[in-house]
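# Observations on the model geometry
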Protein chains: 2
Amino acid sequence: MTHTIAAKEDHVDVLIVGAGPAGLMLANWLSRFDIKTRIVDKRGSKIFNGQADGLQCRTLEIFDSFDFGHRAWREANHMVEICLWNPDDNGQLSRYDRIPDTIPGISRFQQVVLHQGRIERFFLDSIKEHSDIAVERGVLPIAFDFDEAKVGDFEDYPISVTLRTLSGEESTPEQRQQHQKSADGQQTAIADGLFRSNLVADNTEDLIKSIEATSNANQEEHIKAKFMVGCDGAHSWVRQQCGFSLEGDSTDYVWGVLDIVPITDFPDIRHRCAIHSANAGSVMVIPRENKLVRLYIQLQATEYQKKGGKADRSWITPKIILQSAQRILHPYKLDYAYCDWWTAYQIGQRVGNHFSLRDRVFLAGDAVHTHSPKAGQGMNVSMQDTYNLGWKLAHVVKGLSDPTILSTYESERRDIAQKLIAFDHRFSRLFSGRPTKDIMDEEGVNMEEFKKAFEKGNEFASGIAVNYDASVLVAKEDETAAQSNDNDILGTQERRAISKPQLATKIDIGKRIPSFKVLNHADARPWHLQELLKSNGRWRMIVFPGRLTDIQNMQRYKSLGKSLGAPDSFLRRFTPPGKPIDSVIEVLTVHSGPRTSIELLNLPEPFHPHHGDMGWDYWKVYSDEESYHEGHGQAYANYGIDPSRGASVIIRPDQYVSWVGEVDDYGQMAHFFAGFMKEKEDDKPEIRKSVQ
Amino acid sequence: MTHTIAAKEDHVDVLIVGAGPAGLMLANWLSRFDIKTRIVDKRGSKIFNGQADGLQCRTLEIFDSFDFGHRAWREANHMVEICLWNPDDNGQLSRYDRIPDTIPGISRFQQVVLHQGRIERFFLDSIKEHSDIAVERGVLPIAFDFDEAKVGDFEDYPISVTLRTLSGEESTPEQRQQHQKSADGQQTAIADGLFRSNLVADNTEDLIKSIEATSNANQEEHIKAKFMVGCDGAHSWVRQQCGFSLEGDSTDYVWGVLDIVPITDFPDIRHRCAIHSANAGSVMVIPRENKLVRLYIQLQATEYQKKGGKADRSWITPKIILQSAQRILHPYKLDYAYCDWWTAYQIGQRVGNHFSLRDRVFLAGDAVHTHSPKAGQGMNVSMQDTYNLGWKLAHVVKGLSDPTILSTYESERRDIAQKLIAFDHRFSRLFSGRPTKDIMDEEGVNMEEFKKAFEKGNEFASGIAVNYDASVLVAKEDETAAQSNDNDILGTQERRAISKPQLATKIDIGKRIPSFKVLNHADARPWHLQELLKSNGRWRMIVFPGRLTDIQNMQRYKSLGKSLGAPDSFLRRFTPPGKPIDSVIEVLTVHSGPRTSIELLNLPEPFHPHHGDMGWDYWKVYSDEESYHEGHGQAYANYGIDPSRGASVIIRPDQYVSWVGEVDDYGQMAHFFAGFMKEKEDDKPEIRKSVQ
């Protein structure tokens, strides 16, 4: 590729390609650090309606850790109950059963739906509040070069990318209006969502060609980057540059999607419903915000034609989809006057063969996994990819961590992608199949089996089940650890810390820490534990010293305090000079009460550090006891920690549990952090040298 | 007063003078209606720090009804526990007791603190979102005329006001910087709050004179208004124009206020504390947001000099206030490096003799009640004044209600102001007094008495205890109703509806309706009942039909549905033609479950109206049963309603209970609304004429 005009140049720590949910999550994470980040998207504007809409419990927890969970929670429609409908013995469509949507107790949030445009808005507002990172729209990467010689030096820039700014016309995807006759005979304009469905060939190549063909070429810029992350969708340009591919298959099922304000006598239209008709196919009902309901409607083969395995989109219209829904819902009536958005898709289930090029270029979201949208997983898993990656990138760029932690991105997230595809495969088959006619019907889908699969699937679909394997970041003994020879991920045996999971029997190492209410020792205010674990890049060590009125417990706690407060403690060694002592590893305490028998300022100083002009820190010590106004969190019981012995728990910056051990096992704690954290020799404060 | 230049003219429905919390609450209320409103404030900018900061439970409920309660709740510091300190038997300051701050169970919110600048911000954002009303700052009313001849015609404009725009210099109150030496010897600039404390003479007259003296006079405008509301503070210009006065006294106590980030070893600095020293006076500790703590510190007479009963402010500095606090807190240490704001005040306890001039000009907030700030009541009661007034004004302007409802503003709010002063008097005396030395010490304050007064005061201080007397808007038999001859407020006996309070034994007619969780029938989502009662100007009738599986209950419910659905029902008669049937009186149902035994669409149509193109209304019917994820609200038990009989409850647009009666007592419901609601003859739809 030749460049004929002198172009601007820039050096960045991280270049993000694609400003959908995965790209925005990453930019948002990086906005919490002082890191040079740019994010580009070839589209000229953000999403305004339609698209993905389901938010897992886990996604809401993550949003909350970035301080905008409440915005999603307030605006979204909450899905509480699932109703299963199928033909009764007389062939009449009837309600088979009701089950809770989110498994009770699994999270402090429940699954909700809110359209992608609002999610993107929350990210953009959050990014703006914390940084000067701005999404550059209508900007297309057109050339890529990777300098292998520079891969080993993480201060250097092995990635070169040329960006070109598109004209407004080029960056606006084709978006036609459909005029649909509504119930009262009026013409209604409907946004056609097909341009972003996977039935439409991606237009990146077309855009590049269109630029090359144009004599009126727009501005070009050469970027040198330490890292690049491709969040650029199923047809990822970044993935193509790396030479990686998606592996898997398409299914034969074609589905239509309508976002409408329904006019219907179907009684469960505000519940999430899985409806299997006898012979006309299936409908999934997803009630949404603003009185909207999304319908996923299975289309009959007669309603579209195929060309080489792909459906011919020209046959599919909102009218065709609605008619299909009407047949499935018979004898209930369904119509609409207002349609917000519609699309159609064919299920493809694929996973990327690689998620990273030499731990310098990474792929996330649809660029490495595509599947059915019906279970509401896609946007969630995509955002959680970059939520996993963001802090690791930041810690390496900031020089806090060894670059080897970057290898855990692929090992952790590719595993999730594969589980997602397996889940989707199972779920789609059950949902797309016709119901059994009788007990002799072996081809059909048995409703009881479907119900059980749905219930089981709900745990996966909550996002809470994610359980990362052993690595330098996850100190557990599991099959992966026993079998793997991958020292990049696991670290050598000498480097790995050892957990004692029996000290916290209900905390799973590798999973996100569950949340229960505890009281701030200093002011008795109840907090959900997760609210204390904001996504600001800090590691946390939560010390559960048990009952501090027990002498032995207090001794262990004081012993730990002494070690942590020592001039050469790992707290001090891994905290850059001049930074607050809690800025890299924050130490929190949850004792088992009663808080009125202990004075905060009598506890060792590392547990409530003094911040000079800002006085003592009153936000580090908590108590597991009943609040005046919000009940009792029963944290010790719910974590499976014995108040007479206690435990310490190390939590990653993304809230996943790394290590569980004795309250005062300072040695293993130090060993764990030393496995991947970097201590800059030249930055060591004098005080440490004098002690060593 | 003469006007030498041709001035602009405008006609408005409501002119609000003063854009503090009371004025902003009113503008915010009116932003929900299509009413011509202007709001002016002589100050050139909003408040940025300091000032009032306590938010009652009730205020948070009101904020939530305007959709910004969560903003205050998230940003504020939550006060959970009160610690009482006094000298022990050895004269050593010690913790006497702890009590919950907000009485558990009284509200779904607890008392919080957040500075006035943020509250004003929430109002401004909310007003902007719902209207084009904009606060006009640096605008001073300089002339007033009232045309008695026009008082009777509520379509006419009896009020004339001349407004003058100030220059930037004029509208910026004198605000000096204090440079205070901090703990580490650095100079710190401190905003001087004195210019707004009540020790400083109000500068309105000065500003008017300064304008008159200026040849360079700025723009002038003549306003004709139907209504005017003075929210212009303790030195209210509007009150002066009406010839009304504040009645009451000043006390001798002088208090200093510091907003600081404390550096201290006092253990309860993050609790609300009432600290009585043996001989050095009292301190109230109010922990705040952003690590700030507000200290109310009693100053010794030696620390200021008096001139004619008023303290001489020139003697009071942050240093003097701090030293006073240090003496009271001895032997604990207290210092600060950062002071956000400070002021000093002398307690004045006064109530306005009139709250209204012919129900055309109204006074609210500090213009009609002044008192001590320590109990955190002032801003709350002020905002609740205009929350009481706003919907009444709007309903009269819109022609929905008879103007007689305006008389209830003074009867309801002057009573509250008097109770507030009585509370403040009691509270201040106990707080300002020195503690008893022994049981023979009759002049001192006994700590057990103080604690009990504090606990009792907390109910008042929550704002939940407000209980409006009988009137056309509150259908109850109480002493006021029995003794009063004021037909303007009560209506004639024929006009008043009769309640049956025994049908809902835990709902107090005249108080705001308590809130418990109920489930939406259509989607099983739990809602706090109050969340359904948004401040949008609607009256609500909540029907509690009991168990709808009981035939008798269902019959009563259907009977009511039939009456409500009739072409001449009061729902239709009081709803302007062309408006949605729920836009003036919204009918909600809370049945006692189980929801799975009833299909929503089988219930009578008035309980889930059909909105044409938007389909059925799925947000009107709720059930009192256990949710999957958020427990059981037990609404029937908590409201004292028998599920085998039920009740209907009429709620005012401000969430206060008007009437309780039989589920199907359509006659009394119609009678209640007919007592004050207006049916425009010329607006009657054809359908009603044909029926009559």
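Everything quoted here is computed from the prediction, not taken from an experiment.

What counts and how
Residues numbered from 1 in each chain as written. Chains lettered and ligands numbered in written order. Predicted model: local features only at pLDDT ≥ 70, side-chain atom pairs only at ≥ 80, totals over all residues. Heavy atoms only, no water. Least-squares fit on C-alpha atoms with pLDDT ≥ 70 in both. Contact = heavy atoms within 4.5 Å. Domains from an automatic or database assignment. Buried area = accessible area lost by both parts, 1.4 Å probe. Salt bridge = Lys/Arg side-chain N within 4 Å of Asp/Glu carboxyl O. Helix = DSSP H or I, 4+ residues; strand = E, 2+ residues; numbered from the N terminus. Nonpolar A, V, L, I, M, F, W, Y, C, P; charged D, E, K, R; others polar. Polar contact = N/O pair within 3.5 Å; in protein donor to acceptor, adjacent residues only side chain to side chain. Buried < 20%, exposed > 50% of the residue type's maximum accessible area, 1.4 Å probe, protein only. Pairing = 2+ DSSP bridges. Phe/Tyr/Trp six-rings, centres within 6.5 Å; stacked < 30°, edge-to-face > 60°. Lys NZ or Arg CZ within 6 Å of the ring centre and 35° of its normal.

## Overview of the relation of the copies chain A and chain B
Look at the two chain copies: a rotation about an axis and a shift along it is all it takes to match them. By a simple turn and slide, chain A fits onto chain B: the slide is 0.0 Å along the axis, the RMSD is 0.0 Å, and the turn is 180°. This pairing of chains is accounted for by a two-fold axis. Closest approach to the rotation axis within chain A is made by the C-alpha atom of A:H70, at a distance of 4.2 Å. The residues that chain A uses at the interface reappear at the interface of chain B in 100% of cases, marking a shared surface.

## Things to note about the domain arrangement of chain A
Residues and elements named next belong to chain A. When cut into domains, chain A gives domain 1 (9-305 + 313-462) and domain 2 (493-675). Approximately 1,600 Å² of surface area, both sides summed, lies buried where domain 1 meets domain 2, with 45% of it carried by carbon and sulfur atoms. Of all residues in domain 1, R58, R108 and W391 give up the largest surface area on contact with domain 2, accounting jointly for 33% of the area buried on that side. Summed over the shared surface of domain 1 and domain 2, the number is three salt bridges. Mapped by element, the contributors of at least two residues to the side of domain 1 that touches domain 2 are α2 (57-65) and α8 (378-397). If one sorts the elements of the side of domain 1 that touches domain 2 by residue count, α8 sits on top with five residues. Looking at the side of domain 1 that touches domain 2 residue by residue, the class counts come to seven nonpolar, five polar and nine charged.

## Quick notes on the interface of chain A and chain B
With 51 residues of chain A at the interface, the matching set in chain B holds 51 residues. Buried surface at the junction of chain A and chain B, both sides included, amounts to about 4,600 Å², of which 53% is carbon and sulfur. The salt bridge partner of B:D67 is A:R74, with a shortest N-O separation of 3.6 Å. The interface formed by chain A and chain B includes 16 residue pairs in polar contact (both at pLDDT 80 or more). Secondary-structure elements contributing two or more residues to the side of chain A that touches chain B are α3 (69-75), β4 (77-78), β6 (93-100) and β14 (246-264) of chain A. Here the side of chain A that touches chain B is built from residues that sort into 22 nonpolar, 13 polar and 16 charged.

## Regarding the pattern of salt bridges
Pairs may arise between side chains of opposite charge once their charged atoms sit close together. Within this structure, the stated rule accounts for 90 salt bridges over all chains. Linking A:D654 and A:R652 is a salt bridge whose minimum nitrogen-to-oxygen distance equals 2.9 Å. Exposure remark for A:R652: the relative accessible area of 1% places this residue in the buried category. Ionic pairing is found between B:E412 and B:K392, a salt bridge with its closest N-O pair at 2.8 Å. Of the two residues, B:E412 sits in helix α9 (residues 407-432) while B:K392 sits in helix α8 (residues 378-397), which places them 20 residues apart along the sequence. Overall, the relative accessible area of 3% leaves B:E412 in the buried class.

## As for the side chain of A:H591
Positionally, A:H591 belongs in strand β27 (residues 585-591). Ignoring sequence-local partners within four residues, the contact set of A:H591 consists of A:H521, A:P545, A:G546, A:L548, A:I598, A:V621, A:Y622, A:S623, A:D624 and A:Y636.

## What to know about the pairing of strand β2 (residues 37-41) of chain A
Residues and elements named next belong to chain A. With five of five residues buried, β2 is to be regarded as a mostly interior element. Burial along β2 is two-sided: T37, I39 and D41 and R38 and V40, pointing in opposite directions, are all buried. Bridge count for strand β1 (residues 8-17) against β2 is four bridges, and the pairing is parallel. Looking at β2, one finds that I16 is bridged to I39. Relative to strand β8 (residues 135-137), β2 runs parallel, the two sharing three bridges. Bridge pairing links I39 to V135 in β8.

## What to know about the packing of aromatic side chains
Scanning the model with the defined rule gives 78 aromatic pairs over all chains in all. Ring geometry for A:F66 against A:Y387: centres 5.8 Å apart, planes inclined by 80°, an arrangement best described as edge-to-face. Placement of the pair is A:F66 in the loop between α2 and α3 and A:Y387 in helix α8, with a sequence separation of 321 residues. Like A:Y387, A:F66 is buried. Between B:F544 and B:Y636, the aromatic rings sit 5.7 Å apart at their centres with planes inclined by 85°, giving edge-to-face as the arrangement. With B:F544 in strand β26 (residues 539-546) and B:Y636 in helix α15 (residues 635-639), the pair connects residues that are 92 residues apart, well separated along the chain. For B:F544, a relative accessible area of 0% corresponds to the buried category. An aromatic cluster of three or more residues is present, and its members are A:W29, A:F33, A:F63, A:F66, A:F68, A:F122, A:F123 and A:Y387. Taking NZ or CZ as reference, B:R525 lies 4.0 Å from the ring centre of B:W527, over its face. Between the NZ or CZ atom of B:R573 and the centre of the ring of B:F574, over which it lies, the distance is 5.4 Å.

## Here's the deal with unusual backbone geometry
The linkage connecting A:H330 with the following residue, A:P331, adopts the cis geometry, with an omega of 15°. Here A:P331 shows up in the loop between α7 (318-329) and β20 (334-352). The omega torsion across B:G593 and B:P594 is -5°, close enough to zero to call that bond cis. One can find B:P594 in the loop between β27 (585-591) and β28 (621-623). In this model, A:N290 sits at a positive phi of 55°, which is unusual for a non-glycine residue. Tracing the backbone shows A:N290 in the loop between β16 (282-287) and β17 (293-298). A positive phi angle is found at B:Q634, which is not glycine, with a value near 50°. Here B:Q634 lies in the loop between β28 and α15.

## Regarding the sheet that holds strand β4 (residues 77-78) of chain B
Residues and elements named next belong to chain B. Spatial ordering of the open sheet is given by β3-β7-β4, a layout of three strands whose pairing is antiparallel. The open sheet has two edge strands, β3 (54-55) and β4, and neither has a second partner. In this sheet, strand β7 (residues 112-113) lies alongside β3 in antiparallel orientation, the contact comprising two bridges. What sits directly across from L55, in β7, is V112.

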